[in-house]
Amino acid sequence: MASMKRMGMIVVFGLIFLVFFLGNYPGRAAEQTGDDEKTDDATDVAAFEPDLFAHPEQILKKMQKGDSGIQLVDVRPEGVFAEVRIPGSFNIPLFALKTKAFLKSKQVVVAGDGRSCEELQRACRELRALGFDANILFGGINHWRQAGGLVQGDYFKMEELKFVSPETFYANRFCGKWIVVDATSADSTVSVPWESYPAVSRVEFAPDSESFSKQLATAAKQQPSGFVTVLAVTDSGQTDKTLEDAVRSGSAGFRHIVYLKGGEKVYARFLDDWKRISKDGRQKRSGGWCPGCP
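Residues numbered from 1 in each chain as written. Predicted model: local features only at pLDDT ≥ 70, side-chain atom pairs only at ≥ 80, totals over all residues. Heavy atoms only, no water.

**Re the sheet that holds strand E12 (residues 257-260)**
The strand order across the open sheet formed by five strands is E8-E12-E11-E9-E10, and the pairing between neighbours is parallel. Of all strands in the sheet, those with a lone pairing partner are strand E8 (163-164) and strand E10 (200-204), marking the two edges. Sheet analysis places strand E9 (residues 177-182) next to E10, joined by five bridges and oriented parallel. Considered in E10, the bridge of isoleucine 179 is made with serine 201. Set on the sheet, helix H10 (residues 241-249) makes contact with E9, strand E11 (228-233) and E12; between it and E12 the angle comes to about 145°. (Pairing = 2+ DSSP bridges. Helix = DSSP H or I, 4+ residues; strand = E, 2+ residues; numbered from the N terminus. Contact = heavy atoms within 4.5 Å. Axes fitted to C-alpha atoms, helices over the stretch in contact; angles between N-to-C directions.)

Encoded structure:
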């Protein structure tokens, strides 16, 4: 009996060793770090779920017709909400929204500027499972304002809504269709691999060009549900009235435009930092037991 116990222990320890070795052998470490040159990995992002979203124009049209069954809920921090907000919206933290049973009789439209699309989709699915009629306001308060919706608060803070930080764009690069309008100077030495993002199309800005409008319209058709945002990319993130007019006056008539904060150079630096941090993280995880490693 004792010999059988010893044999069983040997087998168990042998299996543990094999699992540990196969999970950390040098070849695997090479596989984990062999793609260091890649800037993006489509498998790292969630799928976009258009059925969870609502167009600002659709919500506005319902409200203008007197639909009182809609309740806008702003899940941004209280201080940010105080600076800029949609009149009549409630300010409720995203994690607490599921406890507000009185909202089950309303169509809840969640505005969550600055949060990741993945986080909002997960919360929206959870709310629906709990019996809420929930949607996400596509593009948040900035898109709401550009669609003609009222926004109140600090004017300068409202103007800041035109910009999206590199971190926020990167976290939401799969959210709907992004059309990058590249308005950087011809002599720019910065290179951003926009083509590596499946949900992103790049169009070079050409004012007063019919082909520019056609390229925008063609890119937009890749997102049949119409959830499209134009990301204007300039050298240093400055606004460009000529660009905005050209985008809005084309055959597609885009309203939703945001600027990449800091421009192409700042975004390129962000990508370099992200790649370095990701590489360091993979190397730590490939080195064996690593309590607390991400």
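**Details of the state of the cysteines**
One covalent bond between the sulfur atoms of two cysteine residues makes up a disulfide. Tallied over the full model, the rule gives one disulfide. Across the disulfide, cysteine 117 is cross-linked to cysteine 175 (sulfur-sulfur distance 2.2 Å). Looking along the S-S bond of the cysteine 117-cysteine 175 disulfide, the torsion reads about 55°, which is the right-handed sense. Here cysteine 175 lies in the loop between helix H8 (166-171) and E9 and cysteine 117 lies in helix H5 (residues 117-129), a separation of 58 residues in the sequence. (Disulfide = S-S within 2.5 Å.)

**Topic: the nonpolar core**
One finds Phe48, Phe53, Val73, Leu97, Leu103 and Val110 to be the most contacted residues of the largest nonpolar core, which totals 24 residues. Those elements that place two or more of their residues in this core are strand E5 (107-111), H5 and strand E6 (133-137). Here this core takes five residues from H5, the largest share from any one element. For leucine 103, the residues in contact, after removing those within four places along its chain, are Gln71, Val73, Phe90, Ile92, Leu97, Val108 and Phe132. (Core = buried A, V, L, I, M, F, W, Y, C linked by side-chain atoms within 4.5 Å. Buried < 20%, exposed > 50% of the residue type's maximum accessible area, 1.4 Å probe, protein only.)

**Comments concerning the sheet that holds strand E4 (residues 90-91)**
Strand order in the open sheet made by the five strands is E1-E6-E5-E2-E4, with parallel pairing throughout. Since the sheet does not close on itself, it has two edges, and those belong to strand E1 (53-54) and E4, each with one partner. Sheet topology places strand E2 (residues 70-74) next to E4; two bridges connect them, and they run parallel. Paired with aspartate 74 across the two strands is asparagine 91, which belongs to E4. Against the sheet, helix H3 (residues 56-64) touches E1, E2, E5 and E6, its axis set at about 135° to E2.

**Some thoughts on the packing of aromatic side chains**
Scanning the model with the defined rule gives 19 aromatic pairs in all. Arranged with centres 6.0 Å apart and planes meeting at 55°, the rings of phenylalanine 53 and phenylalanine 227 form a pair that is tilted. Residue phenylalanine 53 is located in strand E1, and its partner phenylalanine 227 is located in the loop between helix H9 (210-220) and E11; the two are separated by 174 residues in the primary sequence. Just as phenylalanine 53 is buried, phenylalanine 227 falls in that class too. Here the aromatic residues Phe169, Tyr170, Trp178, Trp194, Tyr197, Tyr267, Phe270 and Trp274 are joined through ring pairs into a cluster of three or more. (Phe/Tyr/Trp six-rings, centres within 6.5 Å; stacked < 30°, edge-to-face > 60°.)

**Notes on H5**
In this model, H5 (13 residues) spans 18 Å end to end at C-alpha, consistent with the 18 Å of a helix rising 1.5 Å per residue. For H5, the set of buried residues is Cys117, Leu120, Gln121, Ala123, Cys124 and Leu127. The buried residues of H5 occupy an angular sector of 165° when the element is viewed end-on, so they sit on one face. Structurally, H5 contributes buried residues whose contacts are with E1, E5 and E6. Glycine 131 occupies a position one or two residues after H5 and carries a positive phi of about 100°. (Expected span 1.5 Å × (residues − 1). Arc of directions from axis to C-beta.)

**Considering the environment of valine 192**
Mapped onto the elements of the fold, valine 192 is located in the loop between E9 and E10. Through-space distance from the C-alpha of valine 192 to that of alanine 268 is 6.2 Å; in sequence the pair is 76 residues apart. Setting aside residues up to four positions removed in sequence, valine 192 forms contacts with Glu264, Tyr267, Ala268 and Leu271.

**A closer look at the pattern of salt bridges**
Inspection of every chain in the model, using the stated rule, returns 14 salt bridges. Among the salt bridges present, the one from glutamate 160 reaches lysine 157, with a minimum N-O distance of 3.9 Å. Taken as a pair, glutamate 160 and lysine 157 lie in helix H7 (residues 155-160) at a separation of three residues, close to a single helical turn. In this structure glutamate 160 comes out as partly exposed when scored by relative accessible area, which is 46%. (Salt bridge = Lys/Arg side-chain N within 4 Å of Asp/Glu carboxyl O.)

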